[in-house]
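What follows is each chain in one-letter form.
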There are 2 protein chains.
Amino acid sequence: MPFEKEKLTNEEMFKLKALSRLAKGDILTMTRLAGTGHPGGSISSLDAYLVLFSYAKLEGTQRDRVVISHGHTSPGVYSALARLGHMPVDEVTAFFRKGGSPFEGHVVKGIPFIDWSTGNLGQGLSAGCGFALASRIKKEDAHVYVFMGDGEQQKGQLSEARRFASKYKLTNITALIDYNHLQISGSIDHVMPQNIIENYLSDGWNIIEINGHDYNEIYAAFRKARNSENPVCILAHTVMGKGIPFMENKEKYHGNPLNEKEYKDALEALEMEDNFEFYREKRKGQWTWKPSVDVQTVNVDTGSPFTYIDNDKLDNRSAFGKTLKDLGDKNIAKGCTICTFDCDLAGSVKTGDFCSAYPDYFFQGGIQEHNTATVAGALSTTGILTFFAAFGAFGIDETYNQERLNDINHTNLKLILTHVGLDVGPDGKTHQCIDYVGLSRNLFNFKTIVPCDPNQVDRTIRYIAGTEGNFLVATGRNRWPVIYRDDKKPFFGDGYTFEYGKMDTIRGGRDGAIIAYGGMVVKAVKISEELAEKGITLKVINMSCVHEIDNDVMKETLAQPHIFTYEDHNVFTGIAPVVTGYLLKNGYRGKFESFGVKHYGASGDTEEVYAIERLDVESMVKALLEIMK
Amino acid sequence: MPFEKEKLTNEEMFKLKALSRLAKGDILTMTRLAGTGHPGGSISSLDAYLVLFSYAKLEGTQRDRVVISHGHTSPGVYSALARLGHMPVDEVTAFFRKGGSPFEGHVVKGIPFIDWSTGNLGQGLSAGCGFALASRIKKEDAHVYVFMGDGEQQKGQLSEARRFASKYKLTNITALIDYNHLQISGSIDHVMPQNIIENYLSDGWNIIEINGHDYNEIYAAFRKARNSENPVCILAHTVMGKGIPFMENKEKYHGNPLNEKEYKDALEALEMEDNFEFYREKRKGQWTWKPSVDVQTVNVDTGSPFTYIDNDKLDNRSAFGKTLKDLGDKNIAKGCTICTFDCDLAGSVKTGDFCSAYPDYFFQGGIQEHNTATVAGALSTTGILTFFAAFGAFGIDETYNQERLNDINHTNLKLILTHVGLDVGPDGKTHQCIDYVGLSRNLFNFKTIVPCDPNQVDRTIRYIAGTEGNFLVATGRNRWPVIYRDDKKPFFGDGYTFEYGKMDTIRGGRDGAIIAYGGMVVKAVKISEELAEKGITLKVINMSCVHEIDNDVMKETLAQPHIFTYEDHNVFTGIAPVVTGYLLKNGYRGKFESFGVKHYGASGDTEEVYAIERLDVESMVKALLEIMK
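The text that follows walks through the structure, step by step, so that each part is easy to find. (Residues numbered from 1 in each chain as written. Chains lettered and ligands numbered in written order. Predicted model: local features only at pLDDT ≥ 70, side-chain atom pairs only at ≥ 80, totals over all residues. Heavy atoms only, no water.)

So, on to empty space enclosed by the protein. Under the defined criterion, the tally for this structure stands at 9 cavities of 30 Å³ or more. Each pocket or cavity is described by its volume, and for the largest cavity that value is around 110 Å³. Together, 13 residues line the largest cavity, and A:Phe572, A:Thr573, B:Phe572, B:Thr573 and B:Pro577 are the ones closest to its centre. Within the lining of the largest cavity, the residues separate by chemical class into 4 nonpolar, 7 polar and 2 charged. (1 Å grid on protein atoms, 1.4 Å probe; cavity = no way out; pocket = protein on both sides within 12 Å on 5 of 7 lines; lining within 4 Å. Points joined across faces, edges and corners; volume = space filled by probe spheres on them. Nonpolar A, V, L, I, M, F, W, Y, C, P; charged D, E, K, R; others polar.)

Spelled out as structure tokens, the structure:
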């Protein structure tokens, strides 16, 4: 049991004190050598790091997890770990912030016992909630430690995380605030007055105040927090630059390394030898230490696809809900865990059936999308298949930076956006998410799919469930008809398998091709039918993988005299640029035109809104005839 | 004085009660007619709306401001305003949520006395802080009222707004929470338990609890709040669907209109006539009422540009800081107000000089970017020139949805991002904002400019100061040399005027053209110089207006056998797609290649990071030689 004995021995305290002195020297050396970094907070957090890394259960099964939310204290983390023997002291010191080295400016996962890359303040407690939830779900006796700065407490996402932890009684989480009273711009009381204690108490947490440089107090607080009825926040009163007299309580040292004189004075104060030249020389070489990320994969039974016909009158979001429930049925009883997160929209995003059947695996995050996105992201890295379903405006517009940090963390999140595009209709422009394709295009590890009918939705959801990595799947709000083949069988029914990156040729044609996705595919089919009446044949292509070109399909499309993209999305950031790039590169000689959203949408019936934006079938037929005549 | 007399007369109460009954009928009719909308909360908020719209000072100079943060209660707002004679009852009822009508699903500015379009929960209190600050700065005796839902209280941004209001003693703001205890998914205590009172108290607010359907209590609370030493939150205990027995306290009616039977029963309960057929018929026609937005413009003296030479050793962000200070000098004493917002980064984003000179116009928002973005956005609409300077990761990645709502509100915000691109270097991937061009491309009313040297920065900042609308200007972190003309004079010095959309031909060439912006321009010049040594001439184009094609410059570039884009930005979402689109449309026959960031960056010296991503001069020269040989 970690923190089992009542208190530290004198010998242990002596050892911690000795390590702290050495680590402080390392911190000052590495930041001065790199010419950049954050020595002040690294030193004020250091003693707590040393105690935790010495006494928590960080290895083996059911191990404790650590999140360093104020990731800029990386020198403190590296030096503490190194002095405790988990990393080579000379390498972390010599190669801190050297391009390509694992000793990055903000802590990244892969550093021993570190499970979450950080750098954006305010998200760490939410990640901690995700790990604590994982431990709870797996019935593990593991604890989660989240270290934070005091300036960071100003971030609103923390209040969301606190309430989430209280709601789900995550007593296996302990937060520690490095309360040195300074942020970059000076005293936290001056920058943004805040009653941190009252904030935590008001959200149902317990507070333990300690001297953050007293090893026995730190130890006792960690020990006490491990057996609390509420989540605990340790408010560790610390001193920025502790132990180096001229640095103490000076915000200047938050983000500035020491100059030569200061450095020499500091080493003297620490009674340490000056090995700067040794490290400077070493930095010219190469590091050998390698990070090791603990990747936990999921082995999901993706079941057998459901096939719908038009008479089923099913919208795409309901198709998602049915497949999600089926995945639950196929897996949860067998011990393969699937979790679903909601932000007060279950009825609309159709996770209700899953929730009713598996209430223990359904998490209601409330109207707290920032926290929920991060909790879900962290949980998804623990070998649990994780879905988060929301409207586009909340699931990606509001939480873009949370998904960005998830992406940086190579999470395994399945993000489902039900309400996207002008298709959202009457709720109006704030709710019409017309940028999700463009936003996710920035995230290197996210794949985005917009299926065009319930059958493709079903197969897509099963595909992403069985495939590692982040996926964004958008379903749309309204019911779109089932797409049929010429032989009247469902296009995405028997014989169809979803393959990432593949385009589908829905209708043939020689006078031009129109490329669409989601709800615009069936409209494109209608457009092609109307043009056919005028003797014009239009090929209809479904580009459900909106960031990808299918070379096979596009190659044969190059012969078309006209190519159009047609999307319920900002025309500048949707598929148009993807297709444009391909056409230019492949020397397309025909005429290209992109159709999409060019203004924030009106509030009205979806068809009214489309008509105002001239994206309805009638306007499109007119526009295409004008171009193709 | 608004709310001057002590209490309402019986006659006034009788009138309010009568209006409330009629307005409830309107709410039920309009939502049923539209087949969509939120009757439940509209009815629970209604009585407070009626009191406020009756007794606040909403017209003339120094008028009070209103923000409806839970914008989905629009039927309550419309019916209250209409029954008080500010809008035509029959039109708001008939055309609610009809495509193109001003009676949108979520309240938009232009509706009488409404100054902020809403729909994204959690942002309204921040907007209110912006208006309250404007009133304070202008020394007006005006009050700001922010209405919110209770489920909405879960959003973290509210805690940021509360602290901001407390810090700046915004006692001229009153919040009112419609505390009906229900959100979409049911009881707020079930969805996300929260101690709203303790949350507000812990951030220094006062709480007044009232019966939200008792006109005298509502009136008395507004009156008391107007003379408080702290910002006040009125917690109005209400009943969802109040007055229609079968609707009361049923979350079902949060977002669902009544069916025919329910509607008839409700009208009976309200003792109202059924005019549904009249409205149904009317809806087929056209509305005549027009919204009117109170646009307050700024008349700024943009001063005379500063010209720097390389020996000044000035980085672009410092050039921004100097111009900002100069704008302050030229305007503030003359009564043209300029405000600057910071989130604990003043030293890095170089707003320190302005802060020292004009501390009353400098607002330190703390590490609360969501709140600050919205406060600044709202303030910018009040005739005050407003700058918000931040790192890219915080100023746009973290706050994308706040800027999106600002954009929808046609704010006049000048957003300066100092730290963007891999150029950020050692702070690593979380801080390297490589998506700002792509993100802002989604915002229809934002113009984005990335100047390439201190002289262009100066002229750009003066330009955006003098031009209405939202601008994003990115400066970069490192010092980039001054660009010179062939005659050794600064390229962007005397004789240069910034013109939005114009590209600059920095160097001539015939064998190819490279298009860059920001810090890559000087690198492109170096590349051209290195290629020149091998007998290859490369034209260098500066595309500082990253979303715009300059037809004149590009037309003559079409003759080049090679065109390259070169950017310190995600290669998929930067200028490459903009240039690609133009080249395809104009039948470019040469070879095009885009160079940009394809992976999250390393943590190291900027040049190391560029080299890893093969965007350094050496790698680029090699790559171009390979292509052009």
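Below, the discussion takes up the pairing of strand S3 (residues 173-179) of chain B. All names here are of chain B. With 7 of its 7 residues buried, S3 lies for the most part within the structure. Sheet analysis places strand S2 (residues 144-149) next to S3, joined by 6 bridges and oriented parallel. Looking at the pairing, Tyr145 lines up with Thr174 of S3. Regarding topology, helix H6 (residues 157-167) serves as the crossover connection from S2 to the parallel S3, and that connection is right-handed. Across 6 bridges, the pairing between S3 and strand S7 (residues 232-237) is parallel. Looking at S7, one finds that Ile177 is bridged to Leu235. (Buried < 20%, exposed > 50% of the residue type's maximum accessible area, 1.4 Å probe, protein only. Helix = DSSP H or I, 4+ residues; strand = E, 2+ residues; numbered from the N terminus. Pairing = 2+ DSSP bridges. Right-handed = clockwise from strand over helix to strand, strands pointing away.)

Of all hydrophobic cores here, the largest spans 159 residues; its most connected members are A:Leu125, A:Phe341, A:Tyr436, B:Leu125, B:Phe341 and B:Tyr436. For A:Phe341, the residues in contact, after removing those within four places along its chain, are A:Leu133, A:Phe164, A:Phe363, A:Thr372, A:Val375, A:Ala376, A:Leu379, A:Thr386, A:Phe387, A:Phe388 and A:Ala389. (Core = buried A, V, L, I, M, F, W, Y, C linked by side-chain atoms within 4.5 Å. Contact = heavy atoms within 4.5 Å.)

Turning next to helix H5 (residues 124-137) of chain A. An α-helical turn contains 3.6 residues, so a residue and the one three or four places further along point in the same direction. Residues and elements named next belong to chain A. With 14 residues, H5 extends 20 Å from end C-alpha to end C-alpha; this agrees with the ideal 20 Å at 1.5 Å per step. For H5, the tally of buried residues reaches 13 of 14 residues, placing the bulk of the element in the interior. Immediately beyond the C-terminal end of H5, within one or two residues, lies Lys139, with a positive phi of roughly 55°. (Expected span 1.5 Å × (residues − 1).)

Charged atoms that come close allow side chains of opposite charge to pair. Per the counting criterion, the structure on display carries 67 salt bridges over all chains. Here B:Asp427 ties to A:Arg97 by a salt bridge, and the two come within 2.9 Å at their closest N and O atoms. With one member in each of two chains, B:Asp427 in the loop between strand S11 (413-417) and helix H18 (436-440) and A:Arg97 in the loop between helix H4 (89-95) and H5 form a pair that bridges those chains. In this structure A:Arg97 comes out as buried when scored by relative accessible area, which is 2%. Salt-bridge contacts for B:Arg163 lead to B:Asp203; the nearest nitrogen and oxygen are separated by 3.4 Å. With B:Arg163 in helix H6 and B:Asp203 in the loop between helix H8 (196-202) and strand S6 (206-211), this residue pair connects regions lying 40 residues apart in the sequence. With relative accessibility at 2%, the residue B:Arg163 sits in the buried group. Residue classification places B:Asp203 among the buried residues on the basis of a relative accessible area of 6%. One network of salt bridges, in which partners are shared, links A:Asp326, A:Lys330, A:Asp458, A:Arg459 and A:Arg462. (Salt bridge = Lys/Arg side-chain N within 4 Å of Asp/Glu carboxyl O.)

We now examine the relation of the copies chain B and chain A. Structural alignment of chain B on chain A gives an RMSD of 0.0 Å, achieved by rotating through 180° and translating 0.0 Å along the axis. One copy is carried onto the other by what is essentially a two-fold rotation axis. Relative to the rotation axis, the closest C-alpha in chain B is found at B:Gly156, a distance of 1.9 Å. A high fraction, 100%, of the interface residues of chain B reappear at the interface in chain A, so the copies pair face to face through one surface. (Least-squares fit on C-alpha atoms with pLDDT ≥ 70 in both.)

In any sheet, the strands associate via hydrogen bonds between backbone groups, in a parallel or an antiparallel arrangement. Residue and element names in this part refer to chain B. Read across the open sheet, the 5 strands follow the order S14-S16-S15-S17-S18; overall the sheet is mixed. Looking along the sheet, the strands with just one partner apiece sit at the ends: strand S14 (504-507) and strand S18 (591-597). Strand-to-strand, the axes of this sheet are offset by a mean angle of 25°, without reference to chain direction. In terms of strand pairing, strand S15 (residues 513-516) meets strand S16 (residues 539-542) through 4 bridges, oriented parallel. Among the inter-strand pairings, Ile514 is bridged to a residue of S16, identified as Val540. In the packing of helix H20 (residues 520-533) onto the sheet, the strands contacted are S14, S15, S16 and strand S17 (562-570), and the crossing angle to S17 comes to about 140°. (Axes fitted to C-alpha atoms, helices over the stretch in contact; angles between N-to-C directions.)

For the rest of this paragraph, the subject is the interface of chain B and chain A. Chain B puts 99 residues into the contact, and the matching count from chain A is 99 residues. Summed over both sides, the interface of chain B with chain A buries roughly 8,000 Å², with 53% coming from carbon and sulfur. The largest per-residue losses of area from chain B upon contact with chain A belong to B:Phe444, B:Leu584 and B:Tyr600, which jointly make up 10% of the total buried on that side. Inspection of the region where chain B meets chain A yields 14 salt bridges. Its salt-bridge partner being A:Glu593, residue B:Lys585 comes within 3.3 Å of it at the nearest N-O pair. At the boundary of chain B and chain A, one finds 58 residue pairs in polar contact (both at pLDDT 80 or more). Residue contributions to the side of chain B that touches chain A peak at 7 residues, all from helix H17 (residues 400-408) of chain B. Counted by class, the side of chain B that touches chain A contains 30 nonpolar, 42 polar and 27 charged residues. (Buried area = accessible area lost by both parts, 1.4 Å probe. Polar contact = N/O pair within 3.5 Å; in protein donor to acceptor, adjacent residues only side chain to side chain.)

Glancing now at the environment of A:Leu158. Residue and element names in this part refer to chain A. In this fold, Leu158 is placed in helix H6 (residues 157-167). A sequence separation of 35 residues divides Leu158 from Gln123, and the C-alpha atoms of the two residues are 7.2 Å apart. Not counting residues within four places of it along the chain, the set of residues in contact with Leu158 comprises Gly122, Leu125, Met148, Glu152 and Gln153.

Moving on to the packing of helix H1 (residues 10-34) of chain A against helix H10 (residues 260-269) of chain A. All names here are of chain A. The contact between H1 and H10 brings their axes to 10 Å, and the two run at 165°. It follows from the interaxial angle that H1 and H10 lie roughly antiparallel. Handedness of the crossing formed by H1 with H10: left-handed. In this structure, H1 uses Gly25, Leu28, Thr29 and Arg32 to contact H10, whose residues at the interface are Glu260, Tyr263, Ala266 and Leu267. (Parallel < 35°, antiparallel > 145°, perpendicular 65-115°, else oblique. Left-handed = near helix turned anticlockwise from the far one by under 90°.)

Following the criterion strictly, the structure yields 64 aromatic pairs over all chains and no others. Aromatic side chains A:Tyr200 and A:Trp205 sit 5.6 Å apart centroid to centroid with 80° between the ring planes, which places their arrangement in the edge-to-face category. An identical accessibility class is assigned to A:Tyr200 and A:Trp205; each is buried. What links up through ring pairs into an aromatic cluster is the set A:Phe3, A:Tyr49, A:Phe53, A:Tyr55, A:Phe113, A:Tyr145, A:Phe147, A:Tyr219 and A:Phe222. Above the ring of B:Phe306, the side-chain terminus of B:Arg462 is found at 4.8 Å from the ring centroid. (Phe/Tyr/Trp six-rings, centres within 6.5 Å; stacked < 30°, edge-to-face > 60°. Lys NZ or Arg CZ within 6 Å of the ring centre and 35° of its normal.)

Once that is clear, we can look at a negative patch on the surface. All names here are of chain A. Among the surface-exposed residues, Glu529, Glu530, Glu533 and Glu618 lie close enough to one another that they form a single negatively charged patch. For Glu618, the position within the fold is in helix H24 (residues 617-628). On the accessibility criterion, Glu618 (57% relative accessible area) is exposed. (Patch = residues over 30% accessible without salt bridge, like charges linked within 9 Å, V, L, I, M, F, W, Y side chains within 5 Å. Areas by Shrake-Rupley, 256 points an atom, 1.4 Å probe, with all protein chains shown as cover. Lys, Arg positive; Asp, Glu negative; His and termini not counted. Charge placed at Lys NZ, Arg CZ, Asp CG, Glu CD.)

Moving on, we come to the environment of B:Tyr582. Relative to the helices and strands, B:Tyr582 is located in helix H22 (residues 576-585). Not counting the four nearest positions on each side in its chain, B:Tyr582 is found in contact with B:Ile549, B:Asn551, B:Met554, B:Lys555 and B:Leu558.

Evaluation of the coordinates by the stated rule reveals 0 disulfides over all chains. Not engaged in a disulfide, the cysteine A:Cys452 finds its nearest cysteine sulfur in A:Cys545; these two sulfurs lie 11 Å apart. Accessibility expressed as a relative area gives 1% for A:Cys452, which makes it buried. Looking at B:Cys343, it has no disulfide partner, and the nearest cysteine sulfur is the one in B:Cys129, 13 Å off. (Disulfide = S-S within 2.5 Å.)

In this section: the sheet that holds strand S12 (residues 446-449) of chain B. Residue and element names in this part refer to chain B. The strand order S9-S8-S10-S11-S13-S12 describes an open sheet built from 6 strands, whose pairing is parallel. Here the strands that pair on one side only, and so sit at the sheet edges, are strand S9 (362-364) and S12. Going from strand to strand, the sheet's axes swing by 20° on average, the running direction of each strand aside.

For the rest of this paragraph, the subject is H20(B). Residues and elements named next belong to chain B. Here H20 is 14 residues long and its end C-alpha atoms lie 20 Å apart, about the 20 Å a rise of 1.5 Å per residue gives. When we look at burial in H20, the residues that qualify are Met520, Val521, Val522, Lys523, Ala524, Val525, Ile527, Ser528 and Leu531. Buried residues along H20 sit against S14, S15, S16, S17, helix H23 (606-612) and helix H24 (617-628). Following H20 by one or two positions, Gly535 has its phi on the positive side, about 80°.

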